[in-house]
Amino acid sequence: MKTRIITAVIALAIFIPLIVYGGWPLTIAALALGIVAISEVLVMKKMFLISFEAIISYLGVALLILPDSWLDFLPSVATRWFGFYVLVVLLLLHTVIRKQRFTFDDAGVLTLAMLYVGMGFHYFVVARAVNFQTLLYGMLIVWLTDSGAYLIGRKIGKNKLAPRISPNKTWEGSVGGTVAATIILAVYLYFFPVGDGFITMIILTLILSIMGQLGDLIESSLKRYYGVKDSGKVLPGHGGILDRFDSMLIVMPMLHLAGII
């Protein structure tokens, strides 16, 4: 517990100034987090962190995370996605060159991982570019839902939510976390409006809270499949970057889908 608390304090001391300041420091931080997150997938897949497929994965994540303004030197807007397509084709060609030592399934996992990680951190940066209160809104959804679910589930949780994937989660904790997050964020939205329409945003908050929990379960399912407890060890007492940002990687793109960012 002591290690967990110390790690949290140090991480927050670094992270909070970055999200407050925003700009290029936050973009660089998001890029670094994305590279570490895709590295965790590579480790779970038992792939070398310095290899052709790893380099392609790093480039793919970077291409997806960087904001449009950082890609102005490229000839067209479509270049981001065309570039990503080229990287995926290179992974597919690698399955031919490696002769079944790197398979189509491997290429598929890395492609999905690049999209999952890259788009999540991309819209994290985009949310801050809109304004600080929008990014904070998205992060509070994740933090309040997670904290509420943990505290309420620990107190009254009895019915398992997904015992084969995440045995400690309960329906009581899940519902309680969403209700708590929605109520607290209703107050936040009253004083710091985000989006259009107070009632609409309350409904969206409830939906995003549920989506965040599904993001948590997605990452838990990934770990279960590869037989690991944590996605990594970069944050002592907390696991890896995917462990800490799993819900956010779903919530931030959903904010874009909802037209908020």
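A brief report on the enclosed structure follows. Quantities reported herein were computed from a predicted structural model and do not represent experimental measurements. (Residues numbered from 1 in each chain as written. Predicted model: local features only at pLDDT ≥ 70, side-chain atom pairs only at ≥ 80, totals over all residues. Heavy atoms only, no water.)

1. Let's talk about a nonpolar patch on the surface
Next, step 1: Residues V187, Y190, F191, F192, F198, I199, I203, L206, I207, I210 and L214 make up a contiguous nonpolar surface patch of roughly 1,100 Å² in combined accessible area.
Next, step 2: Counting only elements with at least two residues in the nonpolar patch, the list comes to α7 (171-191) and α8 (198-226).
Next, step 3: The element that contributes the greatest number of residues to the nonpolar patch is α8, accounting for 7 residues.
Next, step 4: Tracing the chain through its elements places F192 in the loop between α7 and α8. (Patch = residues over 30% accessible without salt bridge, like charges linked within 9 Å, V, L, I, M, F, W, Y side chains within 5 Å. Areas by Shrake-Rupley, 256 points an atom, 1.4 Å probe, with all protein chains shown as cover. Salt bridge = Lys/Arg side-chain N within 4 Å of Asp/Glu carboxyl O. Helix = DSSP H or I, 4+ residues; strand = E, 2+ residues; numbered from the N terminus.)

2. Some words on the pattern of salt bridges
Next, step 1: Considering all chains together, one arrives at 6 salt bridges under this definition.
Next, step 2: K45 is the partner of D106 in a salt bridge, and the nearest nitrogen-oxygen pair spans 2.7 Å. Here D106 is found in helix α5 (residues 104-130), whereas its partner K45 is found in the loop between α2 (23-44) and α3 (52-65), with 61 residues between them in sequence.
Next, step 3: Linking K223 and D243 is a salt bridge whose minimum nitrogen-to-oxygen distance equals 2.8 Å. Placement of the pair is K223 in helix α8 and D243 in helix α9 (residues 241-245), with a sequence separation of 20 residues. In terms of burial, K223 and D243 fall into one category: buried.
Next, step 4: Shared partners join several salt bridges into a network, and the residues in it are E219, K223 and D243. (Buried < 20%, exposed > 50% of the residue type's maximum accessible area, 1.4 Å probe, protein only.)

3. What about unusual backbone geometry?
Next, step 1: The phi torsion at K46 lies on the positive side, around 60°, for a residue other than glycine.
Next, step 2: Tracing the backbone through its elements, the reader meets K46 in the loop between α2 and α3.

4. Here we look at the packing of aromatic side chains
Next, step 1: Scanning all chains against the criterion turns up 8 aromatic pairs.
Next, step 2: Plain terms: the ring middles of F82 and Y85 are 6.4 Å apart, the flat faces sit at 40° to each other, and that makes the pair tilted. Within this pair, F82 and its partner Y85 are both found in helix α4 (residues 79-97), separated by 3 residues, close to a single helical turn.
Next, step 3: In this structure F82 comes out as exposed when scored by relative accessible area, which is 55%.
Next, step 4: Through a chain of ring-to-ring contacts, three or more aromatic side chains come together here, namely F15, F121, F124 and F245. (Phe/Tyr/Trp six-rings, centres within 6.5 Å; stacked < 30°, edge-to-face > 60°.)

5. A look at the pairing of strand β2 (residues 166-170)
Next, step 1: Here strand β1 (residues 160-162) pairs with β2 via 2 bridges, running antiparallel. Bridge pairing in β2 places A162 opposite S166.
Next, step 2: Hairpin connection, β1 to β2: the antiparallel pair is bridged by 3 residues. (Pairing = 2+ DSSP bridges.)

6. A word on the packing of α2 against α3
Each packed pair of helices is defined by two parameters, the angle between the axes and the distance between the axes.
Next, step 1: Two numbers describe how α2 lies on α3: the axes approach to 9 Å, and their chain directions differ by 145°. Relative to α3, the crossing made by α2 is right-handed. Here α2 contributes A30, L31, G34, I35, I38, S39 and L42 to the contact with α3, which in turn contributes A54, S57, Y58, V61, A62 and I65.
Next, step 2: Here the contact of α2 with α3 is built from residues that sort into 10 nonpolar, 3 polar and no charged. (Axes fitted to C-alpha atoms, helices over the stretch in contact; angles between N-to-C directions. Left-handed = near helix turned anticlockwise from the far one by under 90°. Contact = heavy atoms within 4.5 Å. Nonpolar A, V, L, I, M, F, W, Y, C, P; charged D, E, K, R; others polar.)

7. Considerations on the nonpolar core
Next, step 1: Grouped together as the largest cluster of nonpolar side chains are 66 residues, with contacts concentrated most on F121, F124, Y137 and M252.
Next, step 2: Setting aside chain neighbours within four positions, we find F121 in contact with A30, L33, G34, A37, I65, I241, F245, M248 and L249. (Core = buried A, V, L, I, M, F, W, Y, C linked by side-chain atoms within 4.5 Å.)

8. What about the side chain of H94?
Next, step 1: With respect to the helices, strands and loops of the structure, H94 is situated in helix α4.
Next, step 2: In this structure H94 comes out as buried when scored by relative accessible area, which is 8%.
Next, step 3: If we skip the residues at most four places from it in the chain, H94 touches F52, E53 and F102.

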